[in-house]
Amino acid sequence: MDWDEMARPWLDAAPGLEASFSEIFDTLFDAAKLQTGESVLDVGCGTGPTLLTAAKAIGETGKVLGVDIAPPLIARAQERVPSNVALVVGDAGSHSYDSAAFDAIIANFGIMFFSDNDAAFRNLRGAVKPSGRLVATAWASPQDNPWFSMPRQIVDEHVSDVPRPDPTGPGPMRFADPSQLEAVLTNAGWEPHIRTLDLKLTPPGTAEDVASLHMLVTVGMMLKGMDDPESTLAKIRDAVTGATREYDENGAIRVP
């Protein structure tokens, strides 16, 4: 796999995505309750925003291990993390961890992509101490999630036969049904407590800026491998811009 090509949109979009996830990050760390001196595993750490918060929370006496499958994302993270953070390129679900090595595992939209859920969550369970915890975020279903459903509807209006991923396979919406996640975690030896929260994404800039972000990642993922003319892409961008304006709250875009 050409990871440089795969990661390029995510690297370009990273600043905008990190700003967009502000409320989600706050909620994730409120739940994680990281303490000074703890050892933390960050699953799917990407370019590293959660690594920075975790490292600050645990202080110099703690340690963080960030794992991501994409080398370019790890390389970007390496440029910004402090000395108490180590990074590994690999599959966080199958990586060989020391037994009971971590007090906590965190994952921001990083648990929905394992090829084998049962094996991955058992592996992670063995990586934390008996009293350890896993705190993760997952996307809601499309009908409750206009960040995905709005551009999807627009793409479908302009492009025919756009592939649709298996909703139960690896992908953003895999655990939109909380009962499915609960069953997976229980089978792997966890004692799950799942909350569905009404949060908002906070992408920076104007509706035009947010549309550009969508064209990089959301729309970009939907149309990956398809050869659409520039005129069609321009129509999609214009439509996404217009739809995004509906989420303007006193000059700031806020998307449920």
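See the structure printed just above.
Residue positions are given per chain, counted from 1 along the sequence in the order it is written. Only residues with pLDDT of 70 or above have their local features reported here, since the model is predicted, and side-chain atom pairs are shown and tallied only from 80 upward, although totals for entire chains, interfaces and linings are computed over all residues. Values shown for side chains rest on all heavy atoms present in the structure; no hydrogens or waters enter the calculation.

Student: Honestly, the overall build of the chain in this entry has me stumped. Any pointers?
Tutor: Helical segments are the DSSP runs of H or I of at least four residues, strand segments are the runs of E of at least two, and each set is numbered from the N terminus. Check the secondary structure of the chain and you find 10 helices and seven strands. In this setup the radius of gyration rests on C-alpha atoms only. A globule is expected at 2.2 Å times the number of residues raised to 0.38. In terms of C-alpha radius of gyration, the chain reaches 19 Å, essentially the compact-globule figure of 18 Å for 256 residues. Its C-alpha atoms give the chain principal-axis dimensions of about 55 × 35 × 35 Å. The method behind every accessible area is Shrake-Rupley, applied with a 1.4 Å probe, and residues are considered shielded solely by the protein chains displayed. Surface accessibility of the chain: about 12,900 Å² in total, with carbon and sulfur atoms responsible for 50%. The convention is simple: Lys and Arg are positive, Asp and Glu are negative, and His and the chain ends are not counted. Each charge is placed at NZ for Lys, CZ for Arg, CG for Asp and CD for Glu. Side chains of the chain carry 20 positive and 36 negative charges; the gap between the two charge centres is 4 Å.

Student: Help me understand the packing of aromatic side chains in this model?
Tutor: The description of an aromatic ring pair uses the distance of the two centres, along with the angle that the planes make with each other. Under the pairing criterion, centres of Phe, Tyr and Trp rings, with the six-membered ring standing for Trp, must be within 6.5 Å; the plane angle then separates stacked pairs below 30 degrees from edge-to-face pairs above 60, leaving the rest tilted. The final tally for this structure, using the stated rule, is eight aromatic pairs. Taken together, a centroid distance of 5.4 Å and an interplanar angle of 65 degrees make the contact between F21 and F109 edge-to-face. With F21 in the loop between α1 (3-20) and α2 (22-32) and F109 in the loop between β4 (102-108) and α5 (117-127), this pair connects stretches of sequence that are 88 residues apart. For the pair F21 and F109, a shared accessibility class is recorded, and that class is buried. With 3.9 Å between their ring centres and 5 degrees between their planes, F109 and W139 make a pair best called stacked. Of the two residues, F109 is situated in the loop between β4 and α5 and W139 in the loop between β5 (128-137) and α6 (146-158); the sequence distance between them amounts to 30 residues. The pair F109 / W139 is uniform in exposure class, with both members buried. Relative accessible area decides the class of each residue, using a 1.4 Å probe on protein chains only: under 20% of the type maximum gives buried, over 50% gives exposed, and in between gives partly exposed.

Student: Quick question: what am I supposed to make of the pairing of β4 here?
Tutor: Taken residue by residue, a regular strand's side chains alternate between the two faces of the sheet. Within β4, seven of the seven residues are buried, leaving the element largely enclosed by the surrounding structure. Criterion used throughout: strands pair if DSSP finds at least two bridges between them. As defined by bridge partners, strand β1 (residues 39-43) adjoins β4 across three bridges and the pair is classed as parallel. Looking across to β4, one finds that D42 is bridged to I106. Bridge count for β4 against β5 is six bridges, and the pairing is parallel. Along β5, the bridge assignment pairs I105 with L134. With α5 bridging β4 and the parallel β5, this β-α-β connection has right-handed handedness. Here the term right-handed applies to a crossover when the path leading from its first strand over the helix to its second strand runs clockwise, the strands being oriented away from the viewer.

Student: Hey, could you run me through the nonpolar core in this one?
Tutor: Across soluble globular proteins, you tend to see nonpolar side chains buried next to one another. Put simply, a nonpolar core is a bunch of buried Ala, Val, Leu, Ile, Met, Phe, Trp, Tyr and Cys residues held in one set by side-chain atoms that sit within 4.5 Å of each other. Among the nonpolar cores identified, the biggest contains 41 residues, and L41, Y97, F121, L124, W139 and W190 are the most heavily contacted of them. Per-element tally for this core: the top contributor is α5, with four residues. Not counting chain neighbours up to four residues away, the residues in contact with L124 comprise L41, V43, A92, Y97, I105, F114 and W190. In this structure, I58, A104, I106 and V135 belong to the second largest nonpolar core, which totals 19 residues. When checking whether two residues touch, look at their non-hydrogen atoms; a contact exists if any pair is within 4.5 Å.

Student: It is not clear to me how helix α10 (residues 230-244) should be interpreted in this structure. Could you clarify?
Tutor: Residues that lie three or four places apart on an α-helix share one face, since the helix turns once every 3.6 residues. The terminal C-alpha atoms of α10 lie 21 Å apart, and with 15 residues this matches the ideal 21 Å at 1.5 Å per residue to within 8%. Those residues of α10 that fall on the buried side of the exposure criterion are T232, I236, V240, T241, A243 and T244. A helix is expected to span 1.5 Å for every residue after the first.

Student: Even after reading the chapter, I still don't get unusual backbone geometry, so can you show me in this structure?
Tutor: Most peptide bonds take the trans form, and the phi angle of most residues other than glycine is negative. Of note in this structure, F109 is not a glycine but carries a positive phi near 50 degrees. Although it is not a glycine, D161 sits at a positive phi angle of roughly 60 degrees. Looking at the secondary structure, you find D161 in the loop between α6 and α7 (178-187).

Student: Would you take a moment to explain the sheet that holds strand β2 (residues 63-68) for this structure?
Tutor: Sheets are built from strands that pair by backbone hydrogen bonding, the pairs being arranged parallel or antiparallel. If you trace the five strands from one edge of the open sheet to the other, you get β3-β2-β1-β4-β5, paired in parallel fashion. Edge positions in the sheet fall to β3 (85-89) and β5, since each of these pairs with one other strand and no more. Along the sheet, successive strands turn relative to each other by an average axial angle of 20 degrees, direction set aside. Against the sheet, helix α4 (residues 71-78) contacts β2 and β3, and its axis sits at roughly 165 degrees relative to β3. All axes are obtained by fitting lines to C-alpha atoms, using only the stretch in contact for helices, and the reported angles, taken between N-to-C directions, cover 0 to 180 degrees.

Student: Got a minute to help me understand the pairing of β1 in this structure?
Tutor: Of all five residues in β1, five are buried; the element is thus mostly enclosed. Handedness of the crossover joining β1 and β2 through helix α3 (residues 49-58): right-handed.

Student: Even after reading the chapter, I still don't get the environment of A19, so can you show me in this structure?
Tutor: Inspection of the secondary structure puts A19 in helix α1. Since its relative accessible area comes to 28%, A19 is described here as partly exposed. Considered as a pair, A19 and S141 are 122 residues apart in the sequence and their alpha carbons are 22 Å apart. If sequence neighbours within four positions are ignored, A19 has contacts with T202 and P204.

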